[in-house]
Structure formats: C-alpha cells, structure tokens
Amino acid sequence: GSEMCIRDRADAAHFTVRAFDGVIRKGSGAPYVTHLFAVSALVGEFGGDEEQMVAALLHDYLEDIEGSSMDELTLRFGARVSSIVLACSDTTTRPKPPWQARKNAHLAHLRDQPPEVRLVVACDKLHNATCLLVDTTRDGDAAFECFNANKERVLWYYRAAVMAISDGWQHPVVERLDAVVTDLEAVAARS
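Residues numbered from 1 in each chain as written. Predicted model: local features only at pLDDT ≥ 70, side-chain atom pairs only at ≥ 80, totals over all residues. Heavy atoms only, no water.

A. Just the overall build of the protein chain, in detail. From N to C terminus, the protein chain includes 10 helices and 0 strands. If you list the helices and strands of the protein chain from N to C, you get α-α-α-α-α-α-α-α-α-α. Against the compact-globule benchmark of 16 Å for 191 residues, the protein chain has a radius of gyration of 16 Å, which places it among compact chains. With the C-alpha coordinates aligned to their principal axes, the bounding extent of the protein chain is approximately 50 × 35 × 30 Å. Put simply, the protein chain has 191 residues, and 48% of those count as buried. Considering only contacts within the protein chain whose residues lie at least 6 apart along the sequence, 69% involve residues at least 24 apart. Working note: accessible area of the protein chain is about 9100 Å², and carbon and sulfur atoms make up 54% of it. Across the protein chain, the 20 positively charged side chains and the 28 negatively charged ones have centroids separated by 3 Å. (Helix = DSSP H or I, 4+ residues; strand = E, 2+ residues; numbered from the N terminus. Rg over C-alpha atoms; globule rule 2.2 N^0.38 Å. Buried < 20%, exposed > 50% of the residue type's maximum accessible area, 1.4 Å probe, protein only. Contact = heavy atoms within 4.5 Å. Areas by Shrake-Rupley, 256 points an atom, 1.4 Å probe, with all protein chains shown as cover. Lys, Arg positive; Asp, Glu negative; His and termini not counted. Charge placed at Lys NZ, Arg CZ, Asp CG, Glu CD.)

Okay, structure coming up:
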C-alpha cells in the first residue's frame, strides 16, 4: 500500500521543479521538468501508485543532479521511493561511464527488477521514445545528433530496453512501448 498523501506529492513536485531549475531537454530545448511530469503522469495512467508517481518525478535526480543523495531522498520521500529512483538510474557515478558500458549494465540490471520499478522505467522509455519519434518524423537523422551515441546504437538501446523490461513481465505499458519503438525503427529506416 501507498503511504503518500497529497502534501507529499506536492512537496515532490516542488522539490523536482527546484532541483531541475534551468535544466533543458536535449534536442527540444524544453524545460527538463516537462519530461519528469510526463513520466509521472504515464505511471499514474498505467496503474502506478502515488509512491511510483513520485519516484517517476525524481527518476533522474540521482543520475543528473550534483550533490544529490539517496539519504536525502529517503529522508524526504521514504525508502520505497528512493529505492525505485536508484533502480531507475543507469549510473550515479560522476563523471558518467562511457555510453555503451552504462547501457549494457543498466539493461542487465533491469532484468532483475520487480514490476514496481519496471513500470517507472517503461514509462520513462515510452516518453523518450515518443518524443524521439516525433522529432525523427519531423527532422530525420538530425533528431539523433543530440545523443552520446549514433542512430543505430540509440535504436538498438530502445529495442533492447523493450526486451529487458518485458523479460518475465507482461503489462499494457510494454505493449505501448513496443509499438512506439517499432514505429521509431520504421521512421528512422526511411530517414
């Protein structure tokens, strides 16, 4: 069961907006919080509880924000939220390890995760893949220029993520993610 109340969710939203103040999305240049709130909304739409929605808001905090810590998240939002955030992070090392090694490790790690983590990760990938599909449809290969990997590697990662998330777990979010990644592969092949 979820111990969260509305005040906690409002605190998480405020905390997230402050933490990511001035951070922008690669590619679109939109405020980064647009992604965090979109992922949290998807988690709720696909049946996640309040704590999973809060973890979704914070899913990039440990990975991207200097001075962030598990202790701080646990103190503010509880052990379940902080553990989901940690599980969603592809690295908490600074500087980040090389792209391929980081992604390989994250994919291996995903296969060991419980459904409560997979839902948040799947919604993160779903929002990112949906945005990339829109950008690729509009801009072709240029949509891939903001990544630390080439088009082929990025497409490999999305397909591998679908496979890792769905390994031993069936859920409507996986079907949606699979469909979007399939569309992305088709559009990217034409560009």
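This is not the end of the story, as more comes after the structure.
B. Just the packing of helix H7 (residues 99-110) against helix H9 (residues 151-166), in detail. Between H7 and H9, the least distance of the axes is 9 Å, while the angle of their chain directions is 15°. The orientation of H7 relative to H9 falls into the category roughly parallel. Considering only the axes of H7 and H9, their crossing is right-handed. Between H7 and H9, the contacting residues are Trp 99, Gln 100, Lys 103, Asn 104, His 106, Leu 107 and Leu 110 on the first element and Arg 153, Val 154, Trp 156, Tyr 157, Ala 160, Ala 161, Ala 164 and Ile 165 on the second. Partitioning the contact of H7 with H9 into residue classes produces 10 nonpolar, 3 polar and 2 charged. (Axes fitted to C-alpha atoms, helices over the stretch in contact; angles between N-to-C directions. Parallel < 35°, antiparallel > 145°, perpendicular 65-115°, else oblique. Left-handed = near helix turned anticlockwise from the far one by under 90°. Nonpolar A, V, L, I, M, F, W, Y, C, P; charged D, E, K, R; others polar.)

C. The arrangement of the side chain of Gln 52 in detail. Looking at the secondary structure, you find Gln 52 in helix H3 (residues 50-57). Its relative accessible area of 7% is what places Gln 52 among the buried residues. Polar contacts involving the side chain of Gln 52 include one to the main-chain amide nitrogen of Asp 49, which spans 2.9 Å. The contact partners of Gln 52, leaving out residues within four places of it in the chain, are Val 43, Arg 80, Ile 84, Glu 116, Leu 119 and Val 120. (Polar contact = N/O pair within 3.5 Å; in protein donor to acceptor, adjacent residues only side chain to side chain.)

D. The arrangement of the layout of surface pockets in detail. Roughly 920 Å³ of volume is contained in the largest pocket. What lines the largest pocket is a set of 40 residues, among which Arg 25, Lys 26, Tyr 32, Asn 128 and Phe 147 lie closest to the centre. Sorting the residues of the lining of the largest pocket by element identifies helix H2 (33-45), helix H4 (61-64), H7, helix H8 (115-139) and H9 as the ones contributing at least two each. Sorting elements by how many residues they give to the lining of the largest pocket places H8 first, with 10 residues. (1 Å grid on protein atoms, 1.4 Å probe; cavity = no way out; pocket = protein on both sides within 12 Å on 5 of 7 lines; lining within 4 Å. Points joined across faces, edges and corners; volume = space filled by probe spheres on them.)

Function-wise, these values are silent; they only describe arrangement.
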